[in-house]
Amino acid sequence: MRRPLLGMTLEELKPVVEEAGLRPFAAKQIARWLYEKRVMTIDEMTDLSKSAREYLNENYCVGRVAPKAEARSVDGTVKYLFATRGEGFDFLVGGKGGRDVEAVYIPDKERATLCVSSQAGCKMGCRFCMTGMQGFHGSLTAAGILNQIFSIPESESLTNLVFMGMGEPMDNVDEVIKAIDILTAKWGLAWSPKRITVSSIGKLDGLRRLLNETKVHVAISVHSPFAPEREGLMPVERAFPVRKVMAELSNYDFAHQRRLSAEYIMWKGVNDDFKHADALAALLKGQECRVNLIRFHAIPGFEHVTSDLRTMEAFRDRLNERGVTATIRASRGEDIEAACGMLSGKESEK
């Protein structure tokens, strides 16, 4: 199986060009073809010698794979489904494979955001998450992450990227950081890290690495300020208590170059009263952190339903009164079941 060049850093490309009999500067040439010119084939790298391209074609490929399915919403949201393994490519590290991953394109006026996956399935077991119900099938390589970004029709119009799709990014921190390096490097896409947000349940070992090695924004999945209740929703509360996570994050500067946000899905009669709002405000006291209140997209097998808009607005206002900036995230793509894992699950059932 030929190795994909997509997902390789400049340092990783240097031995490749040496093997091909090229001078060291050819690594930057290949990087430019991959990440700036976005070629689909090695033959398009016309400033490389013919013999070098023949060698590369024998041993490598660009590594771009088109989506295998898509679902389009009336609001413009598009969910794309990508295979993780197939003839001539393998985007998975570990796991048993056999599960596709999803990326969701979300246009909003001048913004065009892509929500990408970092794993096929997930180990975290959050009860309200369709991906968690599917079990773990492997972590995506940097090539598998970047393929989602490069291989959608809207690729070149993207303004923002969020790691909020399938999987826990901090459970695949090496490949996630590698993908971010390529996205932000001058020889890569040269994006500002301010265009990228990484969401996590608070897996601290990976989170520390992300914060120390990148300058991207961070979002923490909270969903309840009370430990026993959060543990019932998110078993990882036992290993990574949200209070410990927020205490750790207080050691980092979120007032200037990067932003911290708390993700809070709201369920009717579960976590949407003023007791929860007050406890959430206390949890975030002294921290530069905004709260995103999120409508719940129903999934099979989970008994709770989303809070109504009036309750969410009251919850938002209560947080604002207590000095916490809170907003209600617009719900997108509900008609195409945009909750993570839904399209992948249907395709797997087929």
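Our structure is the block above this text.
Keep in mind that what you see is a predicted model, and the values were worked out from it rather than measured. (Residues numbered from 1 in each chain as written. Predicted model: local features only at pLDDT ≥ 70, side-chain atom pairs only at ≥ 80, totals over all residues. Heavy atoms only, no water.)

Colleague: How would you explain the overall build of the protein chain if you had to name every residue and give the values?
Modeller: Scanning the protein chain from terminus to terminus reveals 12 helices and 17 strands. For 350 residues, the compact-globule estimate of 2.2 N^0.38 gives 20 Å, and the C-alpha radius of gyration of the protein chain, at 21 Å, lies within 12% of that figure. On the principal axes, the C-alpha backbone points of the protein chain span a range of 70 × 45 × 40 Å. Buried positions account for 57% of the 350 residues belonging to the protein chain. At a minimum sequence separation of 6, the contacts of the protein chain that also span at least 24 residues come to 69%. Approximately 15,400 Å² of the protein chain is accessible, and the part contributed by carbon and sulfur atoms is 49%. When the 48 positive and 47 negative side-chain charges of the protein chain are each reduced to one mean point, those points stand 3 Å apart. (Helix = DSSP H or I, 4+ residues; strand = E, 2+ residues; numbered from the N terminus. Rg over C-alpha atoms; globule rule 2.2 N^0.38 Å. Buried < 20%, exposed > 50% of the residue type's maximum accessible area, 1.4 Å probe, protein only. Contact = heavy atoms within 4.5 Å. Areas by Shrake-Rupley, 256 points an atom, 1.4 Å probe, with all protein chains shown as cover. Lys, Arg positive; Asp, Glu negative; His and termini not counted. Charge placed at Lys NZ, Arg CZ, Asp CG, Glu CD.)

Colleague: Could you give an account of the side chain of H223, naming the residues involved and the relevant values?
Modeller: Mapped onto the elements of the fold, H223 is located in the loop between β14 (217-221) and α8 (227-233). Among the residues examined, H223 registers a relative accessible area of 3% and is labelled buried. Non-local contacts of H223, meaning those with residues more than four positions away in its chain, are made with F128, L233, M234, E263, Y264, I265, W267 and N271.

Colleague: Requested: an account of the nonpolar core, with residues and values cited.
Modeller: Formed by 111 residues in total, the largest nonpolar core has its most connected members in L5, M45, L207, V291 and L319. In this structure L5 touches L13, V16, I30, L34, Y35, I42, M45, Y60, C61 and V62, once residues within four positions along its chain are discounted. (Core = buried A, V, L, I, M, F, W, Y, C linked by side-chain atoms within 4.5 Å.)

Colleague: Just give me the short version of the environment of K215, but keep the residues and values in it.
Modeller: Inspection of the secondary structure puts K215 in the loop between α7 (204-213) and β14. Judged by relative accessible area, which is 57%, K215 ranks as exposed. C-alpha of K215 to C-alpha of V162: the two residues are 53 residues apart in sequence and 14 Å apart in space. Here K215 is in contact with P193, Q257 and R258, once residues within four sequence places are set aside.

Colleague: Give me the lowdown on the sheet that holds strand β10 (residues 119-121), citing residues and values where you can.
Modeller: What holds strands together in a sheet is hydrogen bonding between their backbones, with the strands either parallel or antiparallel. With antiparallel pairing, three strands are arranged side by side in an open sheet as β7-β11-β10. Strands at the two margins of the open sheet, each flanked by one partner only, are β7 (92-93) and β10. With three bridges joining them, β10 and strand β11 (residues 136-140) adopt antiparallel strand pairing. Within β11, the position partnered with A120 by the bridge is G138. (Pairing = 2+ DSSP bridges.)

Colleague: I'd love a proper account of the sheet that holds strand β13 (residues 196-200), names of residues and values included.
Modeller: The 10 strands are arranged β3-β4-β8-β9-β12-β13-β14-β15-β16-β17 in an open sheet whose pairing can be described as mixed. The sheet is open, and its two edges are formed by β3 (69-72) and β17 (326-328), each paired on a single side. The sheet shows a mean angle of 20° between the axes of neighbouring strands, direction not considered. Here strand β15 (residues 260-265) runs beside strand β16 (residues 290-294); their pairing, made up of five bridges, is parallel. Directly across from A262, in β16, lies its bridge partner V291. (Axes fitted to C-alpha atoms, helices over the stretch in contact; angles between N-to-C directions.)

Colleague: Kindly report on the environment of W191, identifying the contributing residues and their values.
Modeller: Counting through the fold element by element, W191 comes out in the loop between α6 (173-184) and β13. You can call W191 buried: its relative accessible area is 8%. Along the sequence, W191 and I180 sit 11 residues apart, while their C-alpha atoms lie 9.2 Å from each other. Discounting chain neighbours no more than four positions away, the residues touching W191 are L158, T159, N160, L161, L183, T184 and I196.

Colleague: Talk me through the side chain of S117; I want residue IDs and the actual numbers.
Modeller: Inspection of the secondary structure puts S117 in the loop between β9 (111-115) and β10. Exposure remark for S117: the relative accessible area of 0% places this residue in the buried category. A polar contact of 2.9 Å, which involves the side chain of S117, links it to the backbone nitrogen of M166. Setting aside anything within four residues of it in sequence, one finds S117 in contact with V101, E102, L140, I145, Q148, G165 and M166. (Polar contact = N/O pair within 3.5 Å; in protein donor to acceptor, adjacent residues only side chain to side chain.)

Colleague: Summarise α7; cite the residues concerned and give the values.
Modeller: Of all the residues in α7, the buried ones are L204, G206, L207, L210 and L211. The buried residues of α7 all sit within an arc of 160° when viewed along its axis, so they share a single face. Each element contacted by the buried residues of α7 is listed here: α6, β13, β14 and α9 (242-249). (Arc of directions from axis to C-beta.)

Colleague: Lay out the pairing of strand β4 (residues 78-82) in plain terms, naming residues and giving numbers.
Modeller: Burial analysis of β4 places five of its five residues in the buried class, which makes it a mostly covered element. Side chains of β4 alternate between two faces, with V78, Y80 and F82 and K79 and L81 buried alike. The sheet contact formed by β3 and β4 spans four bridges and is antiparallel. If you follow A69 over to β4, its bridge partner there is L81.

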